[in-house]
Amino acid sequence: MERATGTCLIICGALAREVLALRTRHDWAVEVVAVPATFHMIPARIAPAVEQRILELRGRYDRLIVVYGDCGTGGVLDEMLDKHGI
């Protein structure tokens, strides 16, 4: 697999419209990958889904940025991001 360079935003699907609008408005050269917005209904799914995306994408980009709030994870999302240095 060829390594992509640049930045990838791993976003909450509920923010997709806004993040894509910002990317267009500011001409950001970033890829955008979403985690389903429906996971807000079951917050325990958020951190594992974001972690799966990190593991899938880490070797393909110079930088990964997670665009999320806690979204009901009770700090679990932050702990997982710290574990991965994100």
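Anyway, here's the lowdown on the structure attached to this text. A quick note: this is a predicted structure, and the numbers were derived from the prediction, not measured.

### What to know about a negative patch on the surface
1) Next: Taken together, the side chains of Asp70, Asp78, Glu79 and Asp82 make up a negatively charged region of the molecular surface.
2) Next: Structurally, Glu79 can be placed in helix α3 (residues 76-83).

### Describing the pairing of strand β1 (residues 7-12)
1) Next: Most of β1 is tucked away: six of the six residues are buried.
2) Next: Pairing between β1 and strand β2 (residues 30-35): six bridges, direction parallel. Note that in β2 the partner of Thr7 across the bridge is Val30.
3) Next: Handedness of the β1-helix α1 (residues 16-26)-β2 crossover: right-handed.

### Comments concerning the nonpolar core
1) Next: Core analysis: the biggest nonpolar cluster contains 19 residues, and Ile10, Val50, Ile54, Tyr68 and Leu77 have the highest contact counts within it.
2) Next: The leading source of residues in this core is helix α2 (residues 46-57), at six residues.

### Here we look at the pairing of strand β3 (residues 63-67)
1) Next: Of the two faces of β3, only the one carrying Leu64 and Val66 is buried; Arg63, Ile65 and Val67 on the other face are not.
2) Next: Pairing between β1 and β3: five bridges, direction parallel. For Thr7, the partnering residue across the bridge sits in β3 and is Arg63.

What counts and what doesn't
Residues numbered from 1 in each chain as written. Predicted model: local features only at pLDDT ≥ 70, side-chain atom pairs only at ≥ 80, totals over all residues. Heavy atoms only, no water. Patch = residues over 30% accessible without salt bridge, like charges linked within 9 Å, V, L, I, M, F, W, Y side chains within 5 Å. Areas by Shrake-Rupley, 256 points an atom, 1.4 Å probe, with all protein chains shown as cover. Salt bridge = Lys/Arg side-chain N within 4 Å of Asp/Glu carboxyl O. Lys, Arg positive; Asp, Glu negative; His and termini not counted. Charge placed at Lys NZ, Arg CZ, Asp CG, Glu CD. Helix = DSSP H or I, 4+ residues; strand = E, 2+ residues; numbered from the N terminus. Buried < 20%, exposed > 50% of the residue type's maximum accessible area, 1.4 Å probe, protein only. Pairing = 2+ DSSP bridges. Right-handed = clockwise from strand over helix to strand, strands pointing away. Core = buried A, V, L, I, M, F, W, Y, C linked by side-chain atoms within 4.5 Å.

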